[in-house]
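As a plain string of letters, each chain reads:
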Amino acid sequence: MGRYVIRRALINIPVIWLIATLVFFATNVLPGDFVARRIAAQNPTGNTQEQIEAQIAAVKRDLGIDKPVAERYLDYMWKTVRGDLGESYRTRESAVAGFRRGLPYTLQLSLMTFAIALSTSIPIGIISAIRQDSWVDYVLRMFAILAVAAPGFWVATVLLLFVVRWQLWNIDLVNQPLLWEDPVNSLKLFILPAVAGGIASGAGIMRLLRSQMLEVLRQDYIRTAWSKGLRERSIIVRHAMKNAMIPVLTVIGLTIATLLSGNVVFEFLFNIPGVGSRILDAITQRDVPVVQAFVLIIATFVVFVNLGVDLLYGLLDPRIRFS
Amino acid sequence: MTQQQAAIEATGLPYRTTSDRPLAVRIGIHTSNFFRTKPLGALGVVLILFCISVALLSPVIQRYDPEQVFSRPNPLYDPELAAQALRDPTVRLLHPPEKFIQGGIIDAQEPSSTHWLGTDKAGRDLYARIVWGARLSLLVGIGAALIAVSSGLILGTISAYFGGLVDLIIQRFTDALLAFPGLILLLLIVQVVDNPNKYWITLALGILGISQVIRIVRSAVLSTRQEQYVLAAQVVGNSDARIMMRHILPNIMAPTIVIFTISIGAYILAEASLAFIGFGDPTAISWGKMVNEGRQLLPAKPLMSLFAGGAITLTVLGFNLAGDALRDVLDPRLRGRGGRAGF
């Protein structure tokens with residue numbers, strides 16, 4: 001087992017290197033670099049073309065982006081290996097610090113979404129499976145199919161419409177308080193994107209759990225459990241759930257992997273200053289170090305969560321261990 | 001006359017086996033079976049056909065040019081006062097200026113018999129724009145799925161068939177692409193050109209989806225490669241290209257068709273999200289962009305957001321339902337793999 005874990009972990013090193021390389025070149029081929037944009041925006045009217053170009057060259061030298069691409073790439077890789085992810089062109093703040101400031105917002109939104117997704121999908125998935133083909137099952141499945149198809153931003157917009165139209169509560173879109181700063185106002189803001197996102201990912205989990213449950217419930221050991229007179233509750237929870245949950249856990253793991261990247265669309269819609277809207281901002285402004293650092297942090301997290309899910313899968317299902 | 005045909009003649013019946021029936025009859029039988037056993041899948045097919053016909057017929061059923069700006073007359077305009085003002089300019093000082101403006105007002109109009117769904121903020125007919133929006137969604141969805149599936153099919157087959165170093169390199173690339181946050185990678189690819197148009201967005205989405213297809217195709221090829229008939233074909237000296245084309249490809253068509261259908265819905269959603277946050281094709285009529293524009297009219301005039309979002313939902317629903325049913329019919333092993341390619 002130990003050797004298997006180490007081998008799986010080592011495979012991830014080239015993957016992370018590839019991600020760093022991809023994001024470096026992706027951000028370097030973006031047209032219209034940061035400096036040119038910034039100086040063009042601030043250009044005092046009197047300056048001639050040569051003066052502007054001289055200014056651009058000076059700032060580029062200052063930021064260290066006047067060197068050829070190959071040299072910058074090596075430079076970037078060397079810094080990354082030493083754990084220095086660079087600093088923002090705009091604020092000269094380290095990119096990691098920027099990430100850390102956005103993280104609480106994104107984590108709060110992701111965790112709330114996650115909680116709503118799990119707390120609705122698991123009971124609904126089980127009810128739908130054990131009452132297969134009843135009207136309850138049909139209604140729940142129809143709802144789930146619709147929830148997967150509806151775009152999250154639209155569901156959130158509709159929820160927002162309900163709240164505003166009937167003045168259910170006031171939403172603080174300016175201050176965006178966090179849960180531990182101002183719990184009531186924070187919940188009022190975050191509950192809408194959390195419900196919209198939670199419904200969508202919950203619907204996916206529900207459909208998977210239902211089909212897994214149906215498969216497990218037809219197996220021999222479940223029939224045995226029935227015939228020895230166990231109560232339904234104990235058959236479902238103690239016997240069927242254990243096996244039905246294994247593939248579901250993979251999907252839940254993949255959801256955990258998206259915790260850090262946040263939801264760009266919801267953060268945009270609700271003006272939440274999380275990781276997603278920061279990276280959106282950085283892409284628009286061509287703040288290359290911020291984009292590179294954020295993507296690298298998020299992708300590394302995803303890679304290791306995936307590794308964790310794979311290992312957990314092996315632990316839970318001995319049949320596929322080491323394969 | 002072959003022996004088989006002679007046997008059929010001898011029975012005196014028009015058709016013996018299913019495969020002897022004319023093509024149209026066979027298609028009819030399969031279709032009616034599909035509709036009977038998979039009502040939800042049939043609903044999906046109907047939704048898709050509806051959306052495709054709306055897209056194809058949009059110039060016919062549009063009622064107005066989607067870019068035409070409609071104004072409504074100023075309800076406050078007072079012709080008597082305006083006539084007075086011509087003679088005596090001081091009248092203007094005594095009344096609000098709106099009363100003297102004869103020209104029309106351009107704003108979001110409520111639904112009426114002239115504009116079935118009302119107009120958007122710029123005074124353009126909403127019904128016409130929703131009808132035209134179907135074109136972009138279908139173009140991007142189907143185009144991206146074609147790009148992703150065709151290149152994923154080639155790369156996945158090569159990766160699994162040759163194994164070794166080729167497999168290792170392709171797999172690490174797939175891992176790296178899958179670890180990228182989806183929408184952010186999409187934004188980076190889209191932003192590479194100065195003014196991303198709809199074709200570039202389609203290409204970007206297709207590139208994004210390749211890794212997902214590679215995974216599924218690879219595992220399908222890996223199991224097919226071990227089959228006796230593939231080994232036999234190798235033994236008698238067929239070339240690699242011939243084996244892949246003649247023996248492996250036909251056997252992985254089922255999962256390929258399923259992933260193609262299901263991923264179209266995911267690409268339509270992704271395009272809509274991109275347009276919603278303002279990174280879509282600025283000149284195209286996009287449902288996602290309309291939801292965002294309509295958001296500015298909330299809460300007084302919610303119809304624009306509601307209709308545009310409803311159109312996205314129904315289209316995606318159609319592809320998801322059809323894909324689910326196809327999967328059950330063609331390849332039950334794929335059950336449970338998502339319809340949301342990384343979003």
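Residues numbered from 1 in each chain as written. Chains lettered and ligands numbered in written order. Predicted model: local features only at pLDDT ≥ 70, side-chain atom pairs only at ≥ 80, totals over all residues.

Visitor: How should I be thinking about the overall build of chain B in this particular structure?
Guide: Along chain B, the regular secondary structure elements total 14 helices and 0 strands. Element order for chain B, N to C, with α for helix and β for strand: α-α-α-α-α-α-α-α-α-α-α-α-α-α. Whereas a compact globule of 343 residues would reach a radius of gyration of roughly 20 Å, chain B reaches 28 Å, over 25% beyond that. If one aligns the C-alpha atoms of chain B with their principal axes, the spans along those axes are about 105 × 60 × 30 Å. Residues counted as buried form 41% of the 343 residues belonging to chain B. Taking contacts inside chain B between residues at least 6 apart in sequence as the whole, the part at least 24 apart equals 71%. (Helix = DSSP H or I, 4+ residues; strand = E, 2+ residues; numbered from the N terminus. Rg over C-alpha atoms; globule rule 2.2 N^0.38 Å. Buried ≥ 20, exposed ≤ 12 C-beta atoms within 10 Å, placed from the backbone. Contact = placed C-beta atoms within 7 Å.)

Visitor: Honestly, the overall build of chain A in this entry has me stumped. Any pointers?
Guide: Secondary structure summary: chain A contains 13 helices and 0 strands in total. Counting from the amino terminus, chain A carries its helices and strands in the arrangement α-α-α-α-α-α-α-α-α-α-α-α-α. Taken over C-alpha atoms, the radius of gyration comes to 25 Å for chain A, far larger than the 20 Å a tight globule of 323 residues would show. With the C-alpha coordinates aligned to their principal axes, the bounding extent of chain A is approximately 90 × 60 × 35 Å. Expressed as a percentage of the 323 residues in chain A, the buried residues total 36%. For chain A, restricting intrachain contacts to residue pairs at least 6 apart in sequence, the fraction spanning at least 24 positions comes to 75%.

Visitor: Help me understand helix H2 (residues 23-37) of chain B, please; the structure alone is not making it clear to me.
Guide: Every α-helix winds through 3.6 residues per turn, so residues three or four apart in the chain are directed the same way. An ideal rise of 1.5 Å per residue puts 21 Å on 15 residues; H2(B) measures up with 21 Å between its terminal C-alpha atoms. With 0 of 15 residues buried, H2(B) is to be regarded as a mostly surface element. (Expected span 1.5 Å × (residues − 1).)

Visitor: Got a minute to help me understand the confidence of the model for chain A in this structure?
Guide: Any segment with low pLDDT has predicted coordinates that should not be analysed in fine detail. Per-residue pLDDT for chain A has a mean of 84; in total, 93% of the residues score no lower than 70. The weakest mean pLDDT in chain A belongs to helix H2 (residues 34-42) of chain A at 68; the strongest belongs to helix H5 (residues 95-130) of chain A at 91. (pLDDT = per-residue confidence, 0-100.)

Visitor: So what exactly am I meant to see when it comes to the environment of B:Val190 here?
Guide: Residues and elements named next belong to chain B. Within the secondary structure layout, Val190 lies in helix H8 (residues 182-190). You can call Val190 buried: it has 20 C-beta atoms within 10 Å. Separated by 148 residues in sequence, Val190 and Ala42 have C-alpha atoms that sit 35 Å apart. Residues in contact with Val190, not counting those within four places in the same chain, are Pro196, Trp200, Ile201, Ala204, Leu274 and Phe279.

Visitor: Looking at this structure, how should I read unusual backbone geometry?
Guide: In terms of backbone geometry, most residues other than glycine have negative phi values and most peptide bonds are trans. All names here are of chain A. Of note, the phi angle at Asp133 is positive, near 65°, even though the residue is not glycine. Within the fold, Asp133 resides in the loop between H5 and helix H6 (135-149). Note on Asp133: 9 C-beta atoms within 10 Å, which makes it exposed. For Asn271, which is not a glycine, the phi torsion comes out positive at approximately 60°. Within the secondary structure layout, Asn271 lies in the loop between helix H11 (264-269) and helix H12 (275-285).

Visitor: Even after reading the chapter, I still don't get H12(A), so can you show me in this structure?
Guide: Of all 11 residues that make up H12(A), 8 are buried, and the element is covered over most of its length. When we look at burial in H12(A), the residues that qualify are A:Val275, A:Gly276, A:Ser277, A:Arg278, A:Ile279, A:Leu280, A:Ala282 and A:Ile283. Structurally, H12(A) contributes buried residues whose contacts are with H5, H11 and helix H13 (288-316) of chain A together with H8 of chain B. Taken from the residues just after H12(A), A:Arg286 is the one with a positive phi, measuring 60°.

Visitor: Explain the interface of chain B and chain A to me, please; I cannot follow it from the model alone.
Guide: Taken together, the contact pairs 38 residues of chain B with 39 residues of chain A. Broken down by secondary-structure element, the contributors of at least two residues to the side of chain B that touches chain A are helix H7 (164-179), H8, helix H12 (253-276), helix H13 (287-295) and helix H14 (303-330) of chain B. It is H14(B) that contributes the most residues to the side of chain B that touches chain A, 8 residues altogether.

Visitor: I would appreciate a short explanation of the packing of H12(B) against H14(B) in the present structure.
Guide: Any two packed helices are characterised by how steeply their axes cross, that is the angle between the axes, and by the distance between the axes. Residue and element names in this part refer to chain B. The N-to-C vectors of H12 and H14 enclose an angle of 165°; their axes lie 9 Å apart at closest approach. Considering the angle they form, H12 stands roughly antiparallel to H14. Note on packing geometry: the crossing formed by H12 with H14 is left-handed. Within the contact between the two elements, H12 uses Ala254, Ile257, Val258, Thr261, Ile262, Ile264, Gly265, Ile268, Leu269 and Ala272 and H14 uses Ile312, Thr315, Val316, Phe319, Asn320, Ala322, Gly323, Leu326, Arg327 and Leu330. Here the contact of H12 with H14 is built from residues that sort into 14 nonpolar, 5 polar and 1 charged. (Axes fitted to C-alpha atoms, helices over the stretch in contact; angles between N-to-C directions. Parallel < 35°, antiparallel > 145°, perpendicular 65-115°, else oblique. Left-handed = near helix turned anticlockwise from the far one by under 90°. Nonpolar A, V, L, I, M, F, W, Y, C, P; charged D, E, K, R; others polar.)

Visitor: Can you help me understand the confidence of the model for chain B in this one?
Guide: Residue and element names in this part refer to chain B. This prediction gives chain B a mean pLDDT of 84; 90% of its residues lie at or above 70. Per-residue pLDDT stays below 50 along residues 336-343; that stretch engages in 23 contacts with residues further than four places along the chain or on separate chains. Overall fold confidence for the complex sits at a pTM of 0.85, while the interface term, ipTM, reaches 0.85.

Visitor: Even after reading the chapter, I still don't get the nonpolar core, so can you show me in this structure?
Guide: One broad rule of soluble globular proteins: the nonpolar side chains tend to lie buried together. Among the nonpolar cores identified, the biggest contains 161 residues, and A:Phe294 and B:Leu186 are the most heavily contacted of them. Residue contributions to this core peak at 17 residues, all from helix H6 (residues 126-162) of chain B. (Core = buried A, V, L, I, M, F, W, Y, C linked by C-beta atoms within 7 Å.)

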